[in-house]
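Fold and geometry: a report
Each chain, letter by letter, is given below.
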Amino acid sequence: MAIQWFPGHMHSTKKAIVERLPDIDVVIELLDARLPGSSSNPLLAELTAGKPALKVLNKQDLADPELTTAWLAHFNALPGTRALALDASVAAPARALIAACRALAPLRGGMVKPLRVLICGIPNVGKSTLINTLVGQRATLTGDEPGITKLEQKIVLAPDFYLFDTPGMLWPRITVERSGYHLAASGGIGRNAYDEEEVALALLANVRVRHADRLRARYKLGDLDGLTDDELLAELGRKRGGLMAGGRVNLQKAAEIAINDFRTGAWGRITLESPDEFVQWWAQGQALEAERREKREKRSRGGK
Ligand code: G4P
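Residues numbered from 1 in each chain as written. Predicted model: local features only at pLDDT ≥ 70, side-chain atom pairs only at ≥ 80, totals over all residues. Heavy atoms only, no water.

The next thing to look at is the pairing of strand S5 (residues 154-158). For S5 and strand S6 (residues 161-165), the ladder comprises 4 bridges, and the chain directions are antiparallel. What sits directly across from Lys154, in S6, is Phe164. (Pairing = 2+ DSSP bridges. Helix = DSSP H or I, 4+ residues; strand = E, 2+ residues; numbered from the N terminus.)

This part covers the confidence of the model for the protein chain. Mean pLDDT over the protein chain stands at 88; residues scoring 70 or higher make up 91%. Of the regions scoring below 50 in pLDDT, residues 138-145 engages in 17 contacts with residues more than four places distant in sequence or in other chains. (pLDDT = per-residue confidence, 0-100. Contact = heavy atoms within 4.5 Å.)

Tracing the chain through its elements places Asp25 in the loop between helix H1 (10-20) and strand S1 (26-32). A relative accessible area of 11% places Asp25 in the buried class. Within the local environment of Asp25, its side chain forms a polar contact with the side chain of Arg108, the two groups lying 3.4 Å apart. (Buried < 20%, exposed > 50% of the residue type's maximum accessible area, 1.4 Å probe, protein only. Polar contact = N/O pair within 3.5 Å; in protein donor to acceptor, adjacent residues only side chain to side chain.)

This part takes up the packing of helix H6 (residues 177-186) against helix H9 (residues 251-263). Axis angle and axis distance: for two packed helices, these are the angle between their axes and the distance between the axes, and together they describe the pair. Packing of H6 against H9 leaves a shortest axis separation of 8 Å and a crossing angle of 80 degrees. Accordingly, the angle class assigned to the pair H6 and H9 is roughly perpendicular. Contacts between H6 and H9 involve Ala184, Ala185 and Ser186 from the first element and Ile259, Phe262 and Arg263 from the second. Of the residues in the contact of H6 with H9, the class split is 4 nonpolar, 1 polar and 1 charged. (Axes fitted to C-alpha atoms, helices over the stretch in contact; angles between N-to-C directions. Parallel < 35°, antiparallel > 145°, perpendicular 65-115°, else oblique. Nonpolar A, V, L, I, M, F, W, Y, C, P; charged D, E, K, R; others polar.)

One pass over the structure, following the stated rule, counts 0 disulfides. Left unpaired, Cys101 is separated from the closest cysteine sulfur, that of Cys120, by 12 Å. According to the relative accessible area criterion, Cys101 is buried, its value standing at 0%. (Disulfide = S-S within 2.5 Å.)

Turning to a positive patch on the surface, a few remarks are in order. The grouping of Arg292, Arg293, Lys295, Arg296 and Arg299 at the surface amounts to a positive patch. Relative to the assigned elements, Arg292 resides in helix H10 (residues 275-300). (Patch = residues over 30% accessible without salt bridge, like charges linked within 9 Å, V, L, I, M, F, W, Y side chains within 5 Å. Areas by Shrake-Rupley, 256 points an atom, 1.4 Å probe, with all protein chains shown as cover. Salt bridge = Lys/Arg side-chain N within 4 Å of Asp/Glu carboxyl O. Lys, Arg positive; Asp, Glu negative; His and termini not counted. Charge placed at Lys NZ, Arg CZ, Asp CG, Glu CD.)

For the structure on display, the rule yields 11 salt bridges. In this structure, Glu277 engages Arg210 in a salt bridge whose closest nitrogen and oxygen atoms are separated by 3.4 Å. Residue Glu277 is found in helix H10, and its partner Arg210 is found in helix H7 (residues 196-219); the two are separated by 67 residues along the sequence. Classification of Glu277 as partly exposed rests on a relative accessible area of 25%. Residue classification places Arg210 among the partly exposed positions, given a relative accessible area of 32%. Within this structure, Asp25, Arg108 and Arg116 form a network of salt bridges that share partners.

Below you can see the structure in the form of structure tokens.
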């Protein structure tokens, strides 16, 4: 079953972004480097079309370096767009972001025309951490449940550089089925919106293709070839203390272990999607949406 996630408050966020945009020179979209396509918000792209964009691939310390390079090339090839990868808690690369913004809007800067930058990102992508690093003190809250940063803030990073934090929450919009799983696995959507077992199965199905060796090493497993994804999850549970009375495996516990191991980097640096894969999924998702729309319209016109 695909993940459904329709949190409220998006309307007011959208309105606030639209109101703020005329005064904005550069839009930073913070992405999760492990899922740069899925953690990108298509609504933001629509709202900010034509504005210089900086895509920041955060949590690069957890992502596959080769795929991060591929994603950076992908974004850098888009018009009016620059991309960089960083680890939000490390100060020097975080400050490279300021230079990248200046390069995107070379006509702004100086006391008369300060550079005005809006920073956006779905919950849990690391926005508060990055802002704290940029500011150099714990000015905003961070936490592990999506949705902590709520109010707009204007942060003066230099006398001629203003950073505006997105007012409201920019929730992810899931148009691609796999994106739902990737977002859930990374912590980008709330825990009550998905079933851990389903997400863990999707995660294992993905990771075993590129990194079977790491799963084997982590859980001391033999060849994975003969195992279905369900059997792999059960094996993982068996190896990690998930056995219940009677020898049955607690699959819920196994799923939680798998998701947590992915999130904390215990499987090594992993990226769940390449640009080519994502472009393909996206096109399929769009085609499906168009089909559904057409059917809806037909029905409302009285057809079948
Ligand atoms: P948000 O404002 O976008 O919602 O995200 P926030 O900064 O609260 O970060 C969410 C979680 O991601 C935090 O972990 C934070 O430490 C972690 N994080 C942010 N940037 C990076 C990064 O570049 N690399 C890694 N590995 N982790 C990052 P947490 O466990 O929820 O909280 P805590 O450990 O900070 O207490």
